[in-house]
Amino acid sequence: MPSFVTSYHSPLGIILLHSDGNALTGLRFVSSADVPVAQAVVPGCSSAPELPVLAQTWQWLDDYFAGKRPCDIPRLNPPGTDFQRRVWQSLFTIFYGQTKTYGQIAEMVGCRSARAVGQAIGRNPIALIIPCHRVVGANSSLGGYAYGIDRKKQLLELEK
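What counts as what
Note that residues are indexed from 1 along each chain, following the sequence as it is written. Per-residue local features of the predicted model are confined to residues with pLDDT of at least 70, and side-chain atom pairs are confined, for both listing and counting, to 80 or more; whole-chain, interface and lining totals are unaffected and use all residues. Only hydrogens and water are set aside when side-chain values are computed; all heavy atoms of the structure are taken into account. Residue burial is assigned from relative accessible area. The probe radius is 1.4 Å, only protein chains are included, and a residue is buried under 20% of its type maximum, exposed over 50%, and partly exposed in between. Each helix corresponds to a stretch of at least 4 residues labelled H or I by DSSP, and each strand to a stretch of at least 2 residues labelled E; elements are numbered beginning at the N terminus. It is the directions from the helix axis to the C-beta atoms that the arc portrays. Only the stretch in contact is used when a helix axis is fitted, and all axes are lines through C-alpha atoms; the angle between N-to-C directions ranges over 0 to 180 degrees. Angles are sorted into four bins: roughly parallel if under 35 degrees, roughly antiparallel if over 145, roughly perpendicular if 65 to 115, and oblique for all others. Residue contacts are defined here by distance: any two heavy atoms, one from each residue, within 4.5 Å place the two residues in contact. Being paired, for any two strands, means DSSP has found at least two bridges between them.

1. Details of helix H5 (residues 114–122)
- Regarding H5, the residues found buried are Val117, Ala120 and Ile121. The arc enclosing the buried residues of H5, seen along the axis, measures out at 100°, which places them on a common side.

2. So, the packing of helix H4 (residues 102–109) against H5
- Following both chains from N to C, one finds H4 and H5 inclined at 95°, their axes separated by 8 Å at the closest point. The angle between H4 and H5 falls in the class roughly perpendicular. Here Tyr102, Gly103, Ile105, Ala106 and Val109 of H4 come into contact with H5, specifically with Ala114, Val117, Gly118 and Ile121.

3. Quick notes on the environment of Asp62
- Position of Asp62 among the secondary structure elements: in helix H2 (residues 52–65).
- For Asp62, a relative accessible area of 31% gives the class partly exposed.
- For the pair formed by Asp62 and Ser10, sequence separation is 52 residues and the distance between their alpha carbons is 8.3 Å.

4. Regarding the pairing of strand S3 (residues 24–29)
- Most of S3 is tucked away: 5 of the 6 residues are buried.
- Inspection of the sheet shows strand S2 (residues 13–19) paired to S3 by 5 bridges, in the antiparallel sense. Paired with His18 across the bridge in S3 is Gly26.

Note that every value here comes from positions in space, so none of it alone points to a role or purpose.
Shown next as structure tokens:
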């Protein structure tokens with residue numbers, strides 16, 4: 001299966017977008033481990049990509065970072081287990097500007113372990129669009145975020 005990668009320059013850093021040609025398979029902020037990929041992708045990407053799903057994702061990100069509530073979610077195909085996919089699907093019930101706890105998500109998916117849910121959320125390959133940043137710990141603690149707590153705070157603030 002072919003793999004397509006492009007980058008998006010957001011106010012919170014460079015984001016890499018991955019697609020299988022039909023659906024979005026990954027969306028992640030660039031980390032130090034991504035530097036070789038980002039250096040290869042970023043210079044040639046000054047405008048929206050031609051692949052329709054990546055162009056749709058680019059538009060979704062433009063709307064999101066402009067403070068709008070993006071409506072048209074691009075086609076998604078996140079690689080993961082059945083349990084992970086169930087957890088990720090449940091995250092779409094957390095509306096823009098709202099949060100839910102790991103425990104609430106565990107109840108929704110019929111899991112007794114908020115920790116197992118947290119591990120599944122931590123493996124979310126399509127950040128932002130699958131809104132894992134909207135999941136917080138008990139007692140209003142922020143919990144974790146694969147791209148750093150500061151970035152999670154910024155995303156939640158952007159949605160207020």
